[in-house]
Amino acid sequence: MNRYFTRKAVTAVCFSITIVGDLITNVISNSDSLRQRVKTEDSLASAINGVEEVIHENVVFRNGLMNSFGYMQALMGKQEVNCFEVVQDQNGHLHYTYFGVGPKDTSQLVEKLTEYKDSIHNADTKFVYLMTPDKVIPGYTMFDLGLPYHYANETADLFLENLSAKNINYVDFRETMEQSGINPSDLFYKTDHNWKVETAFWAFGELLDQLENQFGEMFEQKEYYTDITNYNTIQYTNSFLGSMARKTGILYSGVDDFTLIYPKFQTDYSYKASIYNYSIETKGRFEQALIQLDMLRYHGGKYDDEGDKYESYLYGTKGIAHISNKLKPDAPKVLIVKDSFMTPLASFLSTVCSDIYLVDPRYYNGSIIEYTNSIDDLDYVMVSFTPQNLSDEFFKFN
């Protein structure tokens, strides 16, 4: 019995020494930043919060500590990390979720979308909502008992019912996803909330089919541009660590493969984008103008934002962007109000369009309605937010 308590005491002492040593190391390494932060605060409470922020953002051995913590969670068989901030399903996929009691009321969101549609001056502009799938795939995704569920798919169903009542056209990629030929385990990255680039390419072809069915839109050489054999595919094995895995550590989540898809055929583009005070302008072939090659070539740490290969398409999420296809001057002109799911899809859609304009409500401070009406001869306005993003944060059009 004495030996048992002796081991417990030694373990407690070693743990305490580790915690105190780590705290002292971080305070010393961040001493200059801490002093500067404390000087700028006007109260004790804000100074303490500032110290916590500096330590959190600049933790020495942060990735190693996070990996060790994640490994311990995996050894204990835990399916959640950081008080359910990230949960793991029975297939090993990570999820952002929360405790829901049922689908959310979407009537106000539908009203905002209807107001946006009715505000478009050009009567010839077609309006369509694109519902991308949630990572919780019915019939495939299963959680252990007690883990939270957000009812995002049920909320999306209710949202689309309300759109139908308002006579607003929509494309629901969830309806035909089973016919995509993609295994459910390969639709999404295990470590990230986004769908895979391969899934986005399938959705590009599905979108063209739906626009033909609903609006009679005949895209020139549609079968050619949606044929994957006319594209280069380069796989970067064990190279992509998604947003959720950067919270849990590699030893808990594992690492994803990433596939780059870009045309073999001739292309010629110009591209402009901006977010806050940062702007970018490129031109050339698809892979020169629309892909940030430095992210694909990055050999730094997997936890670094510079290594987020999903963000290589269109140089990542921007507040506003414009893709111009120099070889398709007479093709349709499209505006997409979107979240991150649309980034690779819009890249592929640009191969059959003359212009694509992109707006992300989170990072654009202007009026989306005014911006829409400033573009002449728009053929389509598309709005697309994934089921979990059906919230006021995204439905800001004024």
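The numbering scheme is per chain: residues are counted from 1 as the chain's sequence reads. Residue-level local features of this predicted model are given only where pLDDT is at least 70; pairs of side-chain atoms are given and counted only at 80 or more, and the full residue set underlies all totals for whole chains, interfaces and linings. Hydrogens are left out, water is left out, and the side-chain values use all remaining heavy atoms of the structure.

**Q** Any chance you could explain helix 14 (residues 342-349) here in plain terms?
**A** For an α-helix, 3.6 residues make a turn, and residues three or four places apart therefore share a direction. Only protein chains enter the area calculation, which uses a 1.4 Å probe; residues under 20% of their type maximum are buried, those over 50% are exposed, and those in between are partly exposed. To qualify as a helix, a DSSP run of H or I must reach at least 4 residues; to qualify as a strand, a run of E must reach at least 2; elements of each kind are numbered from the N terminus. Of all eight residues in helix 14, eight are buried, a share of seventy percent or more. Of all the positions in helix 14, only Met342, Thr343, Pro344, Leu345, Ala346, Ser347, Phe348 and Leu349 are classed as buried.

**Q** What exactly am I supposed to notice about the side chain of Glu80 here?
**A** Along the chain, Glu80 turns up in strand 1 (residues 80-81). Side-chain atoms alone can form a polar contact between residues adjacent in sequence; in general such a contact is a pair of N or O atoms within 3.5 Å, and within protein one must be able to donate a hydrogen while the other accepts it. A distance of 3.4 Å separates a polar side-chain atom of Glu80 from the backbone nitrogen of Cys83. For Glu80, the side chain forms a polar contact with the main-chain nitrogen of Phe84, separated by 2.9 Å. Contacts: residue pairs with any heavy atoms within 4.5 Å of one another. If sequence neighbours within four positions are ignored, Glu80 has contacts with Gln73, Val86, Val87, Leu147 and Tyr252.

**Q** When you look at the pattern of salt bridges in this model, what are you seeing that I'm missing?
**A** When their charged atoms lie close together, side chains carrying opposite charge are able to pair. Criterion for a salt bridge: a side-chain nitrogen of Lys or Arg within 4 Å of a carboxyl oxygen of Asp or Glu. Summed over all chains, the structure comprises 13 salt bridges. For Arg174, the salt bridge identified is with Asp157, shortest N-O distance 2.7 Å. One end of the pair, Arg174, is in helix 7 (residues 173-176); the other, Asp157, is in helix 6 (residues 152-165), with 17 residues separating them in the sequence. Classification of Arg174 by relative accessible area gives buried; the value is 17%. Three or more residues joined by partner-sharing salt bridges are found here, namely Asp157, Asp172 and Arg174.

**Q** I keep staring at the sheet that holds strand 1 and nothing clicks. Help me out?
**A** As summarised here, the arrangement of the three strands in space is 1-2-3, forming an open sheet in which the pairing is antiparallel. On the outer flanks of this sheet lie strand 1 and strand 3 (94-95), each paired with one strand and no other. The pairing of strand 1 with strand 2 (residues 86-88) spans two bridges and is antiparallel. Note on strand 2: the bridge partner recorded for Glu80 is Val87. Strands were regarded as paired on the criterion that DSSP finds at least two bridges between them.

**Q** Would you take a moment to explain the environment of Asp256 for this structure?
**A** Relative to the helices and strands, Asp256 is located in strand 7 (residues 256-263). On the basis of relative accessible area, Asp256 is assigned to the buried category, the value being 6%. Sequence separation of Asp256 and Phe240 is 16 residues, and the distance between their C-alpha atoms is 5.0 Å. Residues within four places of Asp256 in sequence aside, it is in contact with Tyr189, Lys190, Thr191, Asp192, Tyr236, Asn238, Ser239 and Phe240. In this structure the side chain of Asp256 is engaged in a polar contact, spanning 2.7 Å, whose partner is the side chain of Thr191.

**Q** Help me out: how do you make sense of the nonpolar core in this one?
**A** One broad trend across soluble globular proteins is that nonpolar side chains are buried collectively. Each nonpolar core is a collection of buried residues, namely Ala, Val, Leu, Ile, Met, Phe, Trp, Tyr and Cys, held together in the definition by side-chain atoms within 4.5 Å. Ranked by internal contacts, the top residues of the largest apolar core, which has 57 residues, are Phe204, Leu345 and Leu349. Among the nonpolar cores identified, the runner-up in size contains 30 residues, and Met131, Phe159, Leu163 and Phe395 belong to it.

Purely geometric numbers; function is a separate question.
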